[in-house]
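What follows is the residue order along each chain.
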Amino acid sequence: MNLNSIEGFQIKHPLIKKHYGLIIFVVVLGVYLLSLNGVWATDHPSSFVQLDWSIWADHAFNVNDSQTAGNPVYSMDDFSLNSTWYIASAPGLSFFSLPFVIVGFLLDGYSPFGQVLTFSEAFVALMGALTAYLVYRVARMFFQEKTSIFLAFGVGFSTLLWPFATYYFPHDLSAMFVMLATFLALKITRDRGSDSRLSMYLFCGLAVGCALLVDYIDALLIPTVSVYLLYKTKRSAGLLNFLCGAAVGIAAVAAYNLAAFGRILTTSQNLYDGKPFLSDFSTPILQGLFWNFISPYRGLFWYCPLIVLAPAGFYLMFKYSKDKSQVILFLAIMLSIVIPYSMWQDVTAGVSFGPRFLIPAIPFLILPVGQLFERGRSEKDLAYLLYGIGVVLNGSAALVSVIHPNFSTVPSWTTQIFGTMLSSLSSGSLDVWWLSYLGQYWWVLAFSLVACPIVTLFAIDRVMSGDEEVKSKAKHAEIVAVPLAKTKA
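What counts and how
Residues numbered from 1 in each chain as written. Predicted model: local features only at pLDDT ≥ 70, side-chain atom pairs only at ≥ 80, totals over all residues. Heavy atoms only, no water. Helix = DSSP H or I, 4+ residues; strand = E, 2+ residues; numbered from the N terminus. Buried < 20%, exposed > 50% of the residue type's maximum accessible area, 1.4 Å probe, protein only. Contact = heavy atoms within 4.5 Å. Areas by Shrake-Rupley, 256 points an atom, 1.4 Å probe, with all protein chains shown as cover. Phe/Tyr/Trp six-rings, centres within 6.5 Å; stacked < 30°, edge-to-face > 60°. Lys NZ or Arg CZ within 6 Å of the ring centre and 35° of its normal. Polar contact = N/O pair within 3.5 Å; in protein donor to acceptor, adjacent residues only side chain to side chain. Pairing = 2+ DSSP bridges. pLDDT = per-residue confidence, 0-100. 1 Å grid on protein atoms, 1.4 Å probe; cavity = no way out; pocket = protein on both sides within 12 Å on 5 of 7 lines; lining within 4 Å. Points joined across faces, edges and corners; volume = space filled by probe spheres on them. Nonpolar A, V, L, I, M, F, W, Y, C, P; charged D, E, K, R; others polar. Axes fitted to C-alpha atoms, helices over the stretch in contact; angles between N-to-C directions. Parallel < 35°, antiparallel > 145°, perpendicular 65-115°, else oblique. Left-handed = near helix turned anticlockwise from the far one by under 90°. Expected span 1.5 Å × (residues − 1). Bend = angle between axes of the 7 residues up to and from the residue.

Quick look at the overall build of the protein chain now. For the protein chain, the helix and strand inventory stands at 22 helices and two strands. When each of the 489 residues of the protein chain is scored for burial, the buried share is 55%. Intrachain contacts of the protein chain at a sequence separation of at least 6 include 77% that bridge at least 24 residues. With an accessible surface of roughly 20700 Å², the protein chain has 65% of that area assigned to carbon and sulfur atoms.

Set out below in structure tokens:
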């Protein structure tokens, strides 16, 4: 056996071997950017454009011209307070994306179309790609490299993260901050270093604070992560730093409420609905869980098939994990998002593709699948199959639209949404910025984008399998070479 040739093969792939996280980020971001809508402006994204323009042009938080005749931006997701209009959503998406959206304003002015669409959606795509990267980093704390890559691709391409990275919606941004907070919390408890780790507590708190500024429900991460950090580290100074970081987000929400509405504790959602605090959570929990997981109309088991394996994954992860508190942290973060949104007054989330409110919880339902992925060949094959189905479904939605036909009733067992998406994809009825440039050759790029996540993951798997085979042969050659050398001597 020629050991030099083996070493030569190992040196051929230094970039691939050392930078899998970067590869994941670049591939996900590239596919997302080529999937951007860039065509349609809908009510929800338009309301964020309104707030961006008010901050940029008027240095204010109201969108007072939002319902006037002839206004270029209109949204039904606005409400009137004292004859002044405001957006109903949490303002975080507009705040964080403002540098991107300003470029669109400078190029096209105040419009929900054109460059504003492109730059606002590009920001969301970037946040989605960062989420997939963070999933990889968190997975590496628990699983092998190959498994971690699969889980990152699974979240990035086989779930709702992909289609909602193509519209100016807040969910991918929320998911990124939630994953960042989780990553930092795990780093703190795994790296028992010096007192310099106190700054990590602060950054972890800031990540939670940013998350709740994007989605108020993310405020539930404060008690969840606080209990975990205190239990694992027993450091009151660290917990205080974490709470100080989270308080920045709370203070920002309070300042926004005070400046916009003159009230600190009343949120825009309460004013939009005309209801008191917490009254929006009116759906029976079991009914909401049915909608969010089982119903073909909205269930995650249908829209993100990999999540079917999550219950078994959680069971195995809890059974074999040396540190069960980390598994409990995953469960607690996931439930802190799933339970409130399963009680939300509009569990179906309007006319969206799937339960978009649950997107920040999806990574925590995919990560435990790694336990099954590493158990055996049959489990791995099943995971790949479900991954491929999810890629086709979510890739179709990303290229077509995250807005489905508005049914007159709520058909809980309908599969018409999937049929509509796949039919639109096959006929070329796409909502993507490049469609007019390709004309009759639209199908080349469309089907390449859907195939890319499957082909790329397969290619990485083959490269890694080749490296593993070479290492195995090298180890065997060394074992054989030792007794031969002794005999020669």
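Structure's up, so let's keep going.
If you walk through the whole model with that rule in mind, you get 34 aromatic pairs. Here Phe-48 and Tyr-168 contribute two aromatic rings whose centre-to-centre distance is 5.9 Å and whose plane-to-plane angle is 65°, an arrangement assigned as edge-to-face. Taken together, the residues Phe-48 in helix H4 (residues 43-58) and Tyr-168 in the loop between helix H7 (145-157) and helix H8 (171-190) connect sequence positions 120 residues apart. No difference in accessibility class separates Phe-48 from Tyr-168, as the two residues are buried. Put simply, the rings of Phe-61, Phe-79, Tyr-86, Phe-95, Tyr-256 and Phe-261 touch in pairs and so form one group of aromatic residues. Note that Lys-234 overlies the ring of Tyr-231, its terminal NZ or CZ placed 5.0 Å from the centroid. If you follow Arg-298 out to its NZ or CZ, it ends over the ring of Tyr-297, 4.5 Å from the centre.

With that settled, consider the environment of Tyr-168. Judged by relative accessible area, Tyr-168 falls into the buried class, the value being 1%. C-alpha separation for the pair Tyr-168 and Leu-36, spaced 132 residues apart in sequence, amounts to 9.7 Å. Non-local contacts of Tyr-168, meaning those with residues more than four positions away in its chain, are made with Pro-45, Phe-48, Val-49, Asp-52, Leu-93, Ser-94, Ser-97, Val-101, Ser-120, Glu-121 and Val-124. Polar contacts involving the side chain of Tyr-168 include one to the side chain of Asp-52, which spans 2.6 Å. Of note is the side chain of Tyr-168, whose polar atom sits 2.5 Å from the side chain of Ser-97.

What follows is about the pairing of strand S2 (residues 84-87). Pairing of strand S1 (residues 78-81) with S2 involves four bridges; the strand directions are antiparallel. Within S2, the residue paired with Ser-80 across the bridge is Trp-85. Count of turn residues in the S1/S2 antiparallel hairpin: two residues, of which Asn-82 carries a positive phi of about 55°.

When the pLDDT values of the protein chain are averaged, the result is 88; 87% of them are 70 or greater. Within the model, the stretch residues 1-12 combines pLDDT values under 50 with 13 contacts to residues more than four positions away or in other chains.

Moving on, we get to empty space enclosed by the protein. Counted by the stated rule, this structure contains one cavity of 30 Å³ or more. By volume, the largest cavity is sized at about 30 Å³. If you trace the largest cavity, you find it lined by Ala-41, Thr-42, Pro-45, Ser-46, Val-49, Pro-112, Leu-117 and Tyr-168. For the lining of the largest cavity, the leading source of residues is H4, giving three residues. Residue classes in the lining of the largest cavity are distributed as six nonpolar, two polar and no charged.

This next bit is on the environment of Asp-108. On the secondary structure map, Asp-108 appears in helix H5 (residues 92-108). Each residue touching Asp-108, except ones within four places of it in the same chain, is listed here: Phe-113, Gly-114 and Gln-115. A polar atom in the side chain of Asp-108 sits 2.7 Å from the backbone nitrogen of Gln-115.

Here we take up the packing of helix H15 (residues 310-320) against helix H16 (residues 324-342). Contact geometry of H15 with H16 gives a least axis separation of 8 Å together with a crossing angle of 150°. With respect to H16, the element H15 is oriented roughly antiparallel. Crossing of H15 against H16: the hand is left-handed. Residues Phe-314, Met-317, Phe-318 and Lys-319 of H15 pack against Lys-324, Val-327, Ile-328, Phe-330, Leu-331 and Met-334 of H16.

Once that is clear, we can look at the side chain of Thr-267. Mapped onto the elements of the fold, Thr-267 is located in the loop between helix H11 (236-261) and helix H12 (268-273). A distance of 2.9 Å separates polar atoms of two side chains, one belonging to Thr-267 and the other to Asn-270. Setting aside its immediate chain neighbours within four residues, Thr-267 contacts Tyr-216, Asn-257 and Phe-261.

With 17 residues, H5 extends 23 Å between its outermost C-alpha atoms, agreeing within 8% with the 24 Å of an ideal straight helix rising 1.5 Å per residue. Maximum bend of H5: about 70°, positioned at Leu-98, with proline Pro-99 one to four residues after it. Taken as a whole, H5 has its buried residues at Gly-92, Leu-93, Ser-94, Ser-97, Leu-98, Val-101, Ile-102, Gly-104 and Phe-105. Buried residues in H5 make contact with H4, helix H6 (115-139), H8 and helix H9 (198-214).

Let's shift gears to unusual backbone geometry. Leaving glycine aside, a negative phi is the common case for residues, and trans is the common case for peptide bonds. Despite not being glycine, Asn-82 shows a phi value in the positive range, around 55°. The backbone of Lys-234 shows a phi angle near 55°, a positive value even though the residue is not glycine. You can see Lys-234 is positioned in the loop between helix H10 (221-233) and H11. Judged by relative accessible area, which is 62%, Lys-234 ranks as exposed.

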